[in-house]
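Each chain, written out:
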Amino acid sequence: MPHLLVIGGSDAGISAALRAREVNPAFEVTVVVADRYPNYSICGLPFWLAGQVSDWRDLAHRTAGELEGQGIRLLLEHTAQAIDPAGGTVAVIDGNGRSHHMAYDRLVIGTGAVPVRPRIEGLDQPGVFFLRTMADGFALERYLTAHVPASASVIGAGYIGLEMADALAHRGIEVTVVEYLPSMLGTLDPSLGRVVSQELERNGVTVRTGVAVEAITRREQRLIVAGSEGLRLETDVVLVAAGVRPEAGLAAAAGVQTGQKGAIVVNQAMETNVSDVYAAGDCVETYHHLLGRNVYLPLGSTAYKLGRVVGENAVGGEARYAGTLGTQVVKVFDLVAARTGLRDGEASAAGLNPRTVQTETWDHKVYYPGAHTLYLRITGDRVTGQLLGAQIVGHRTAEVSKRVDVVAAALFNRMAVEALNDVDLSYTPPLSSPWDAVQMAAQAWSRSA
Ligand SMILES: Cc1cc2nc3c(=O)[nH]c(=O)nc-3n(C[C@H](O)[C@H](O)[C@H](O)COP(=O)(O)OP(=O)(O)OC[C@H]3O[C@@H](n4cnc5c(N)ncnc54)[C@H](O)[C@@H]3O)c2cc1C
């Protein structure tokens, strides 16, 4: 029986294994996972740490038993140490320190990403945390329970930093977020980043932007976070959320080509440059649907899609990954912020001729209770009129994710901004307007020409 070996048991690896079993049961499928938590939703960790999800076990997309029931052989606490493409084997060490070689006919690398360690002194001391794995989550939870900190500092205002600011505040902790960039949530333009800042401040979170943290030191029971612009915070716990980098060392050592930020280079079939070796998820470069080239854009939603393609192809299929748009969404207290496609600067850098127009409108008919302002930024090409991207920020009841997904679907089909007006979107006063906010934003974009 031909053997598909998958390294990594998270979003990409498990999606690959499930798809492989589905399309070609002739393959034996083994997944080696470094930890004991295959197919867990690490995206759910902030909500468990906030106390909104009571049992961490509920974060499992599927149990190990359910995966095995699909015919997948799971080897937990098994770490791949080296790939030998010439021999078609992977050296693996188990939790008891025993090593052995596993033969493969096809190999999928789904080793994911690890947190970036910024150049800050004192990252390796008690009370300083990163958040990536279930084990990271357990360590932070233990510390929060044992020390009951009064204050916390979050370094980095990307989506993980902001979800964790929300989670820590939810536990009654006084939170400061320190961000190097001039505004919160660097995936959005500054005008919308400011809306996010206001929401954090409205909920008692202190926001420091344009500040570089340089050192974390300990003074008795407390930590001192010091940096530029006179930053000096006395705090009880620090979470570092400064982005991720691909975990691609294993692949690179085996001669697999790596590229942007060290991510594995794959084509749209998820093949690497080494025969019979495929890769998917946060460890790979991702083909961008609009740019027509690879970028590094690690997301769980993307890892699932890449995993599905790689699982199919590794067992003989001919699937192609259609490309990312970088569609993403985050909830921060009562606000939801989302984006898809390209921002103005990204489009210009790609040689396009973008124009971005911001509109502010009610998220539903204002006569129905609970209407809030919805902020939309539409980016289109001023020459061709093609839709290039959107950023949307609004109240958590404002269907922000639905609206950004409408734009994502339009982008996927390479529609013009103006064509959004032709789409038959739904309407009822408690949820929208006869012209949906997305269409009003498209009309404002066209008027501004
Ligand atoms: C707190 C948090 C919140 C997030 N929220 C969102 C969200 O809301 N939306 C979204 O789209 N994305 C979100 N993400 C990102 C998302 O979780 C990742 O994009 C996704 O997990 C990537 O999946 P992956 O399988 O590529 O890699 P990973 O999840 O990094 O998994 C890698 C796997 O490989 C294993 N592994 C690594 N090296 C080896 C080895 N040598 N041998 C054996 N096994 C190995 C690991 O044990 C793990 O099983 C979030 C991430 C975090 C940390």
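Bear in mind that the values here come from a model prediction, so they are computed numbers and not experimental data.

(A) Here's a closer look at the site of the ligand. Looking at the ligand, there are 32 residues lining it, with Ser 10, Ala 12, Arg 132, Asp 282 and Gly 300 nearest. Take Ser 10: an N or O atom from its side chain is 2.7 Å from an oxygen atom of the ligand. Separating an oxygen atom of the ligand from a backbone N or O atom of Asp 11 is a distance of 3.1 Å. For the ligand, whose free accessible area comes to 1000 Å², the fraction covered by protein is 88%. Elements that contribute at least two residues to the shell around the ligand include exactly helix H1 (11-23), strand S4 (79-84), helix H5 (159-170) and helix H8 (300-314). Along the lines of polarity and charge, the residues of the shell around the ligand split into 16 nonpolar, 11 polar and five charged.

(B) Local environment of the sheet that holds strand S12 (residues 206-209). A sheet is described by the order of its strands in space; here five strands give the open sequence S9-S16-S10-S11-S12, paired in parallel fashion. In the strand order of this sheet, the two ends are held by strand S9 (128-130) and S12, each with one partner. Adjacent strand axes in the sheet meet at a mean angle of 20 degrees when their direction is disregarded. Where strand S10 (residues 151-155) and strand S11 (residues 174-179) come together, five bridges link them in parallel fashion. Of the residues in S11, the one forming a bridge with Ile 155 is Val 178. Taken strand by strand, H5 contacts S10, S11 and strand S16 (237-240), and its axis lies near 165 degrees from that of S11.

(C) Summary view of the pattern of salt bridges. With the rule as written, the count across this model stands at 21 salt bridges. A salt bridge links Arg 219 to Glu 234; its shortest N-O distance comes to 3.3 Å. Of the two residues, Arg 219 sits in strand S13 (residues 213-219) while Glu 234 sits in strand S15 (residues 232-235), which places them 15 residues apart along the sequence. Among the residues examined, Arg 219 registers a relative accessible area of 46% and is labelled partly exposed. Through salt bridges with shared partners, a single ionic network connects Arg 219, Arg 222, Arg 232, Glu 234 and Asp 236.

(D) Structural context of the packing of aromatic side chains. Enumeration over the complete set of coordinates arrives at seven aromatic pairs. Where Tyr 40 meets Trp 56, the ring centres are 6.0 Å apart and the plane angle is 35 degrees; that geometry is what we call tilted. In this pair, Tyr 40 is assigned in the loop between strand S2 (28-32) and helix H2 (45-49) and Trp 56 in the loop between H2 and helix H3 (64-69), connecting sequence segments 16 residues apart. According to the relative accessible area criterion, Tyr 40 is buried, its value standing at 13%. When the ring of Trp 56 is compared with that of Phe 138, the centres are 4.9 Å apart and the planes differ by 70 degrees; the resulting orientation is edge-to-face. One end of the pair, Trp 56, is in the loop between H2 and H3; the other, Phe 138, is in helix H4 (residues 134-147), with 82 residues separating them in the sequence. Taking the relative accessible area as the measure of exposure, Phe 138 reaches 13% and is therefore buried.

(E) Examining H4 more closely. Taking 1.5 Å of rise per residue, 14 residues should cover 20 Å, and H4 covers 20 Å from first to last C-alpha, within 8% of that figure. Turning to H4, its buried residues are Met 134, Gly 137, Phe 138, Leu 140, Glu 141, Tyr 143 and Leu 144. Once H4 finishes, Val 148 follows within two positions and takes phi at roughly 40 degrees, a positive value.

(F) Main features of a nonpolar patch on the surface. Where nonpolar side chains cluster on the molecular surface, the patch consists of Tyr 367, Tyr 368 and Tyr 427 and spans about 350 Å² of accessible area. Relative to the helices and strands, Tyr 367 is located in the loop between strand S23 (354-362) and strand S24 (373-381). Assessed through its relative accessible area of 58%, Tyr 367 is described here as exposed.

Reading the values: the criteria
Residues numbered from 1 in each chain as written. Predicted model: local features only at pLDDT ≥ 70, side-chain atom pairs only at ≥ 80, totals over all residues. Heavy atoms only, no water. Near = heavy atom within 4 Å. Polar contact = N/O pair within 3.5 Å; in protein donor to acceptor, adjacent residues only side chain to side chain. Areas by Shrake-Rupley, 256 points an atom, 1.4 Å probe, with all protein chains shown as cover. Helix = DSSP H or I, 4+ residues; strand = E, 2+ residues; numbered from the N terminus. Nonpolar A, V, L, I, M, F, W, Y, C, P; charged D, E, K, R; others polar. Pairing = 2+ DSSP bridges. Axes fitted to C-alpha atoms, helices over the stretch in contact; angles between N-to-C directions. Contact = heavy atoms within 4.5 Å. Salt bridge = Lys/Arg side-chain N within 4 Å of Asp/Glu carboxyl O. Buried < 20%, exposed > 50% of the residue type's maximum accessible area, 1.4 Å probe, protein only. Phe/Tyr/Trp six-rings, centres within 6.5 Å; stacked < 30°, edge-to-face > 60°. Expected span 1.5 Å × (residues − 1). Patch = residues over 30% accessible without salt bridge, like charges linked within 9 Å, V, L, I, M, F, W, Y side chains within 5 Å.

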